[in-house]
Structure formats: C-alpha cells, structure tokens
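# Structure assessment
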Amino acid sequence: TSDFFADKYLENQHWVITAGPTREPIDPVRYISNHSSGKMGYAIARAALSAGAKVTLISGPVALEAPIGCQLIQVTSADEMHQAALAQATDCTTFVACAAVADYKVANIASEKIKKTNDAMQLALVKNHDIVADVAQLKDKPFVVGFAAETQDVEHYARGKLMRKNLDLIAANDVAKENQGFNSNDNALTVFSSIDKTEIPLANKQQVAKQLVALINQHYQQKHKVN
Ligand code: CTP
Ligand code: CA
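Bear in mind that the values here come from a model prediction, so they are computed numbers and not experimental data.

Reading the values: the criteria
- Residues numbered from 1 in each chain as written.
- Chains lettered and ligands numbered in written order.
- Predicted model: local features only at pLDDT ≥ 70, side-chain atom pairs only at ≥ 80, totals over all residues.
- Buried ≥ 20, exposed ≤ 12 C-beta atoms within 10 Å, placed from the backbone.
- Helix = DSSP H or I, 4+ residues; strand = E, 2+ residues; numbered from the N terminus.
- Pairing = 2+ DSSP bridges.
- Right-handed = clockwise from strand over helix to strand, strands pointing away.
- pLDDT = per-residue confidence, 0-100.
- Axes fitted to C-alpha atoms, helices over the stretch in contact; angles between N-to-C directions.
- Contact = placed C-beta atoms within 7 Å.
- Expected span 1.5 Å × (residues − 1).
- Arc of directions from axis to C-beta.
- Near = placed C-beta within 6 Å.
- Nonpolar A, V, L, I, M, F, W, Y, C, P; charged D, E, K, R; others polar.
- Core = buried A, V, L, I, M, F, W, Y, C linked by C-beta atoms within 7 Å.

## Quick notes on the pairing of strand β9 (residues 143-150)
Counting buried residues in β9 gives six out of eight residues, a clear majority hidden from the surface. The pairing of strand β6 (residues 94-97) with β9 spans four bridges and is parallel. Within β9, the position partnered with A97 by the bridge is G146. Pairing of β9 with strand β10 (residues 169-174) involves six bridges; the strand directions are parallel. Looking at β10, one finds that E150 is bridged to D174. One crossover worth recording links β9 to the parallel β10 by way of helix α4 (residues 154-164), and it is right-handed.

Encoded structure:
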C-alpha cells in the first residue's frame, strides 16, 4: 500500500495511548462499564505505528486485535489503567487519552456474590483518579492529548477540560450526532488548543486517526521548536 512509502515522520517518538472502557467491579460476577468499543484508540495506535512511532497501548477490555508492532498493556479497572498510565507516561513523548474511563468506582466491592434480598438496593460510588489530568501534572510531562465526548455545548465543555486538566490539545466529538463516536465506525472531531481549533470532518475512524496523529505532531513540533 501507499503507507509502505509514507514518511516515518514519528521516528524517535514514543506514544502512549489509552483506549476502550474500564470495568468497575461490584462483586465477583458483576461490574459497571460503558459502551466504548476502543476503535478510536486502536486506530490512533495503528496510525502512529505506521508513521514510525514506538507505541504503547493501554487498553481496557475490548473485542479488537492489538495493532501489530505495539506494546499492549491490558487492564480492567480505572485504578489499573491509572497505575499503568503513570508508569508509562514518564518515558514517552506523547500521551493520548482515548479511553472512556469510568468516572466512579464501587466504594466497597463485595467479596461474595450479592444476593437479591430487598426490593431496592443502593450502591455507594467514589470518584476514580483522573488519569489524563494526573499525567499532565508530571514534572517531565509528555505532550498530553485528551478527548471529550459531549452531547451539548461541545466547545464550552471541551475548552473547560483543556484548561482544567492542563492538556496541550483536546479532541472533541459530539456524541449526540448519529453515526459518530461511541461504538460507531465513523467519527468527526474538533481539536482545540488554547489558541486555535481544527475540524477533522466525518470519515471512518482510521482516516480520522491518521489526520489526528499528523495534527498532534504539528502541535508537538511547534511546542518543541527551538527559537
Ligand atoms: N479521563 C481520564 N480519567 C478519568 C476520566 C476521564 O483520563 N477518570 C480522560 C478521558 O480519557 C478523556 C478526558 O479525560 O481524554 C475527558 O473525559 P470525559 O469523560 O469527557 O471528561 P470528564 O473529566 O470525566 O468529565 P464528564 O464525564 O463529567 O464530562
Ligand atoms: Ca467522564
């Protein structure tokens, strides 16, 4: 394919990418999770690999083949993903947080299967660590890219997350629109930096990933440019 001749413009870069959902255990047989398929994160991993980067993919449980040539770290819960991400992030140039991390975990995981006794039950939840925000707090932080899946006021919420989490870029998608985002094969992104925004129009996730990887590299080069 034409990719064989493509410029290996990410040679000497190490990308760490989180992908997929997390699962938060309730008891030995149950969990809380979400509909993330992992497709976007895996597509970014493939695009970065084909541009010559070393790629570490930290993945929650998904039904996808690992891209050939990447280092795959499989995790289940947000706590496991947090631990793996912080361990890898000190040694990379670029960190891309594509995972749909569960915002909360169960406060007290039952050690035995919970029986249905009462007519109603309540589950106490506590907030998970914010993985991408913690990576962006590291002393020698890599170039940090987040995602924002929003159903309304996309630019407002995405820019809020960019600032609050101290990110270099945030890729926002409007999940209220049909045929893009969660579990879909297609996606459209609006990528915000603190000073500009770039639209990546609706296309299949592999094409979108290719454009996003090139855009991330442009901003990375800009940031590291010696004046
Ligand atoms: N993220 C993360 N760790 C979490 C929650 C989110 O690393 N515990 C990352 C996601 O991978 C994504 C970005 O933060 O890159 C934004 O995730 P999102 O769910 O849109 O934002 P939240 O900060 O969780 O806010 P909310 O769900 O309330 O919109
Ligand atoms: Ca969230």
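## Details of unusual backbone geometry
Glycine aside, residues mostly have negative phi, and peptide bonds are mostly found in the trans state. Unusually for a residue other than glycine, N12 sits at a positive phi of about 75°. Mapped onto the elements, N12 comes out in the segment before β1 (14-19). What makes N12 exposed here is the crowd of 9 C-beta atoms within 10 Å.

## Examining the confidence of the model for the chain
The predicted model of the chain has a mean per-residue pLDDT of 94, with 96% of residues at 70 or higher. With a pTM of 0.95, the predicted complex shows an ipTM of 0.99.

## As for the sheet that holds β1
Strands sit in the order β5-β4-β1-β6-β9-β10-β11-β12 across an open sheet of eight strands; the sheet is mixed. The open sheet has two free edges, formed respectively by β5 (71-74) and β12 (197-204), since each of these has just one partner strand. With strand direction ignored, the average angle separating the axes of adjacent strands in the sheet is 15°. Each of β1, β4 (54-59), β6 and β11 (186-192) is contacted by helix α1 (residues 39-50), which is oriented at about 165° to β1, the strand it contacts most. Docked against the sheet, helix α5 (residues 205-224) engages β6, β9, β10, β11 and β12, running at close to 160° with respect to β12.

## A few points about helix α2 (residues 78-89)
Across its twelve residues, α2 extends 16 Å between first and last C-alpha, which sits within 8% of the 16 Å expected from 1.5 Å per residue. What α2 keeps buried is the set A78, M81, H82, A85, Q88 and A89. All buried residues of α2 lie within an arc of 140° about the axis, which places them on one face of the element. Where α2 is buried, its residues touch β1, β2 (24-27), β4, β6, β7 (104-106) and α3 (131-135).

## What about the site of ligand 1?
By nearness alone, 15 residues border ligand 1, and A97, V101, I131, V132 and G146 come closest of all. Looking at which element gives the most residues to the shell around ligand 1, the answer is β9, with four residues. Here the shell around ligand 1 is built from residues that sort into nine nonpolar, three polar and three charged.

## Details of the nonpolar core
The biggest cluster of nonpolar side chains holds 57 residues, and the ones touching the most others in it are I17, I44, A48, V145, I170 and L212. Top element by residues in this core is α1. It accounts for seven residues. Apart from residues no more than four positions distant in its own chain, I170 is found in contact with G146, F147, A148, A158, K161, L162 and F192.

## As for the environment of L49
With respect to the element layout, L49 can be found in helix α1. The exposure class assigned to L49 is partly exposed, which follows from the 19 C-beta atoms found within 10 Å. With 148 residues separating them along the chain, L49 and K197 place their C-alpha atoms 25 Å apart. Sequence-distant contacts of L49, defined by excluding residues within four places in its chain, comprise V55, P67, G69 and C70.

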